[in-house]
Amino acid sequence: MKNPLVAVIMGSDSDIPVMEHAVRVLEKFEIPFEMTVLSAHRTPDQAAEYARGLASRGVKVLIAGAGWAAHLAGAVAAQTSIPVIGVPVDSSPLNGMDSLLSTVQMPPGVPVAAMAIGKGGAYNAGVFAVRILALLDPDLARRYDLFTAQTADDVLSGSNQKLADYMAKRTQEKGHLR
Ligand code: RP5
């Protein structure tokens, strides 16, 4: 197995259904990664030690997802110089608003690139990691451009075809009512 370029950590195994959306993107682009459960509150020493060792192992980007008072991304950002992408997980009764604020409100000097709450944010964390890695990898940059073009095509042809089908069905239904 190749050395991981991206490390994905999460506060609990209960975050897997959200954080797997980041991993799917990394897999799509064939980026070597590793996944670990580490908590800012339950395993603070291990989380710090893990973050401190990332750069020397060649890891370029760290994605950290957590719920409730989600200090994981910020706590590890304080321990490493590689870019940290934070994903607020919607696991608490506040539906992730608590995680969002805990992740995004970093004090000046210790940045975390905070994504949206939940699965969409995890997906974007994967995409953002690809964009960072593509800066120094022309082949990855080319594949990223293809991905962007495909995303546009999905909207222009795929979504608009679905809309046309929907409108045709409605017109047909209205005809039956007359
Ligand atoms: C956070 O608390 C985790 O990231 C998770 O989202 C949440 C709940 O954890 P469990 O009680 O399910 O382990 O630290």
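Residues numbered from 1 in each chain as written. Predicted model: local features only at pLDDT ≥ 70, side-chain atom pairs only at ≥ 80, totals over all residues.

K.L.:
How would you sum up the overall build of the protein? Please name residues and give values.
P.N.:
Summing up its helical and strand segments, the protein has six helices and five strands in all. Scanning the protein from its N terminus toward the C terminus, one meets helices and strands in the order β-α-β-α-β-α-β-α-β-α-α. Buried positions account for 34% of the 178 residues belonging to the protein. (Helix = DSSP H or I, 4+ residues; strand = E, 2+ residues; numbered from the N terminus. Buried ≥ 20, exposed ≤ 12 C-beta atoms within 10 Å, placed from the backbone.)

K.L.:
Please set out the domain arrangement of the protein residue by residue, giving values where relevant.
P.N.:
Each assigned domain of the protein is listed here: domain 1 (6–136) and domain 2 (140–178). When each unit is reduced to the centre of its C-alpha atoms, the spacing between domain 1 and domain 2 is 33 Å. Of the residues lining the interface, five residues belong to domain 1; the matching set on domain 2 comes to four residues. Split into classes, the residues belonging to the side of domain 1 that touches domain 2 amount to four nonpolar, no polar and one charged. (Domains from an automatic or database assignment. Contact = placed C-beta atoms within 7 Å. Nonpolar A, V, L, I, M, F, W, Y, C, P; charged D, E, K, R; others polar.)

K.L.:
I'd like to hear about helix α1 (residues 16–28), residue by residue, with values.
P.N.:
For α1, which comprises 13 residues, the first-to-last C-alpha distance of 18 Å matches the rise-based estimate of 18 Å (1.5 Å per residue) to within 8%. In α1, a bend of some 25° at Ala22 exceeds every other bend along the element. Turning to α1, its buried residues number three or more, namely Val18, Met19, Ala22, Val23, Val25 and Leu26. Once α1 ends, the next one or two residues include Glu30, with phi positive near 55°. (Expected span 1.5 Å × (residues − 1). Bend = angle between axes of the 7 residues up to and from the residue.)

K.L.:
Mind laying out the environment of Ser39, listing which residues take part and the relevant values?
P.N.:
Inspection of the secondary structure assignment puts Ser39 in the loop between β2 (33–37) and α2 (44–53). By C-beta crowding, Ser39 is classed as partly exposed, having 18 other C-beta atoms within 10 Å. In this structure, the C-alpha to C-alpha distance between Ser39 and Ala113, residues 74 residues apart in sequence, is 19 Å. Apart from residues no more than four positions distant in its own chain, Ser39 is found in contact with Gly11, Ser12, Ala47 and Leu72.

K.L.:
Which residues make up the packing of α1 against helix α5 (residues 119–134), and what are the values?
P.N.:
At a minimum axis separation of 7 Å, α1 and α5 run at an interaxial angle of 30°. Classed by the angle they form, the pair α1 and α5 counts as roughly parallel. Both α1 and α5 take part in a crossing whose hand is right-handed. On α5, the residues that touch Val18, Met19, His21, Ala22, Val23, Arg24, Val25 and Leu26 of α1 are Lys119, Ala122, Tyr123, Ala125, Gly126, Val127, Ala129 and Val130. For the contact of α1 with α5, the per-class residue count stands at 12 nonpolar, two polar and two charged. (Axes fitted to C-alpha atoms, helices over the stretch in contact; angles between N-to-C directions. Parallel < 35°, antiparallel > 145°, perpendicular 65-115°, else oblique. Left-handed = near helix turned anticlockwise from the far one by under 90°.)

K.L.:
Give a detailed account of the environment of Ala77, specifying residues and quantitative values.
P.N.:
With respect to the element layout, Ala77 can be found in helix α3 (residues 72–77). The exposure class assigned to Ala77 is buried, which follows from the 23 C-beta atoms found within 10 Å. Sequence separation of Ala77 and Glu30 is 47 residues, and the distance between their C-alpha atoms is 25 Å. Setting aside its immediate chain neighbours within four residues, Ala77 contacts Val84, Met106, Val110, Pro111 and Val112.

K.L.:
So what's going on with the pairing of strand β3 (residues 61–66)? Residues and values would help.
P.N.:
Judged by how many residues are buried, β3 sits mostly within the fold: six of six residues are covered. Note: strand β1 (residues 6–10) against β3, five bridges, orientation parallel. Residue pairing across strands places Ile9 opposite Ala64, the latter belonging to β3. With α3 bridging β3 and the parallel strand β4 (residues 84–88), this β-α-β connection has right-handed handedness. (Pairing = 2+ DSSP bridges. Right-handed = clockwise from strand over helix to strand, strands pointing away.)

K.L.:
How would you explain the site of the ligand if you had to name every residue and give the values?
P.N.:
Neighbouring residues of the ligand: Met10, Gly11, Ser12, Ser14, Asp15, Ser39, Ala66, Gly67, Trp68, Val89 and Ser91. Its residues assigned to classes, the shell around the ligand comprises four nonpolar, six polar and one charged. (Near = placed C-beta within 6 Å.)

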